[in-house]
Amino acid sequence: NLFTLTLKNLKLLLRSKLSAALLIIAPMLIILFVGIAFDNSNTFGIEIGAYTPENNEYVDDFVAEMTTRDFRVITYHNVSECIDSIKKSQIHTCIEFPEDFDFTMNYQKNVVFYVDYSQINLVWMIMESVSDIFAEKSNQISHEFTSVLISKLTEAQNNLEFEYEISENNDQ
């Protein structure tokens, strides 16, 4: 008789247009609002501070790449200003680039990250994006160096073949 009781209650609910509408729309609105509240799939609104002691084309390329990935990048002229902006919650992360930052150098330079650990989920997302950009730039530069090396080797081989042909012709 649970079935008949449930059926009776559903008939009562569906008689009134307002209660029928609430029965259908209310769960959908709850799901919508919960989905909006917990949505973090995009990086819109994340602000990153960048500090470098001097203007550098590699840092400019990095800033441009971060901007294309929907991050807002603010450049600072002083690292303490950048750190203070984190403390004031104006930015989420501050990235300090070393002097003479260059992807092509064969020695290691450290890039320092200052973060607000209260927003740890954002920190890992930013770190992942930055690592991806560094990896892409590194692969691009490696590809360029490899292309230059191959072209120089091909040129040297052609020069040796040409000199060999000349020496063969002179011997005859």
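Structure first, text after, so check above.
As the structure is a prediction and not an experimental result, all values here were calculated from the model. (Residues numbered from 1 in each chain as written. Predicted model: local features only at pLDDT ≥ 70, side-chain atom pairs only at ≥ 80, totals over all residues. Heavy atoms only, no water.)

A. Local environment of unusual backbone geometry. Within the chain, Ser89 stands out as a residue other than glycine whose phi angle is a positive 60°. Along the chain, Ser89 turns up in the loop between helix H4 (79-87) and strand E3 (93-96). (Helix = DSSP H or I, 4+ residues; strand = E, 2+ residues; numbered from the N terminus.)

B. Region of interest: the state of the cysteines. For the structure shown, the criterion picks out one disulfide. Between the sulfur atoms of Cys82 and its disulfide mate Cys94 the distance is 1.9 Å. What sets the handedness of the Cys82 and Cys94 disulfide is the S-S torsion sign, and at about 125° it is right-handed. Residue Cys82 is found in helix H4, and its partner Cys94 is found in strand E3; the two are separated by twelve residues along the sequence. Residues Cys82 and Cys94 agree in their burial class; the two are buried. (Disulfide = S-S within 2.5 Å. Buried < 20%, exposed > 50% of the residue type's maximum accessible area, 1.4 Å probe, protein only.)

C. Quick look at the packing of aromatic side chains. All told, the structure shown has one aromatic pair when counted by the stated rule. The interplanar angle of 70° and the centroid separation of 5.2 Å between the aromatic rings of Phe62 and Phe97 together place this pair among those described as edge-to-face. In this pair, Phe62 sits in helix H3 (residues 57-68) while Phe97 sits in the loop between E3 and strand E4 (112-115), placing the two residues 35 residues apart along the sequence. (Phe/Tyr/Trp six-rings, centres within 6.5 Å; stacked < 30°, edge-to-face > 60°.)

D. Examining the nonpolar core more closely. Counting 19 residues, the largest nonpolar core has Ile48, Phe62, Met66, Phe97 and Val130 as its most contacted members. Among the elements that make up this core, the one with the highest residue count is helix H5 (residues 120-171) (six residues). The residues touching Phe62, leaving out its near neighbours within four places in the chain, are Ile95, Phe97, Val130, Ile133 and Phe134. One finds Tyr76, Ile86, Ile91 and Cys94 within the second-largest nonpolar core, a separate group that totals five residues. (Core = buried A, V, L, I, M, F, W, Y, C linked by side-chain atoms within 4.5 Å. Contact = heavy atoms within 4.5 Å.)

E. Summary view of the pattern of salt bridges. Applying the stated criterion to the full structure yields one salt bridge. With its nearest N and O atoms 2.8 Å apart, the salt bridge here joins Arg72 to Glu47. Taken together, the residues Arg72 in strand E2 (residues 72-76) and Glu47 in strand E1 (residues 47-51) connect sequence positions 25 residues apart. On the basis of relative accessible area, Glu47 is assigned to the buried category, the value being 18%. (Salt bridge = Lys/Arg side-chain N within 4 Å of Asp/Glu carboxyl O.)

F. Structural view of the sheet that holds E4. Ordered in space as E2-E1-E3-E4, the four strands form an open sheet in which the pairing is mixed. A strand with exactly one partner marks an edge of an open sheet, and here the two such strands are E2 and E4. Adjacent strand axes in the sheet meet at a mean angle of 25° when their direction is disregarded. One ladder, built from four bridges, connects E3 with E4; its direction is antiparallel. Its bridge partner lying in E4, Cys94 is registered against Tyr114. (Pairing = 2+ DSSP bridges. Axes fitted to C-alpha atoms, helices over the stretch in contact; angles between N-to-C directions.)

G. Main features of the pairing of E3. Residues Thr93 and Ile95 line one face of E3 and the alternating positions Cys94 and Glu96 line the opposite face, and both faces are buried. Note that E1 and E3 share four bridges and pair parallel. Among the inter-strand pairings, Gly49 is bridged to a residue of E3, identified as Cys94.

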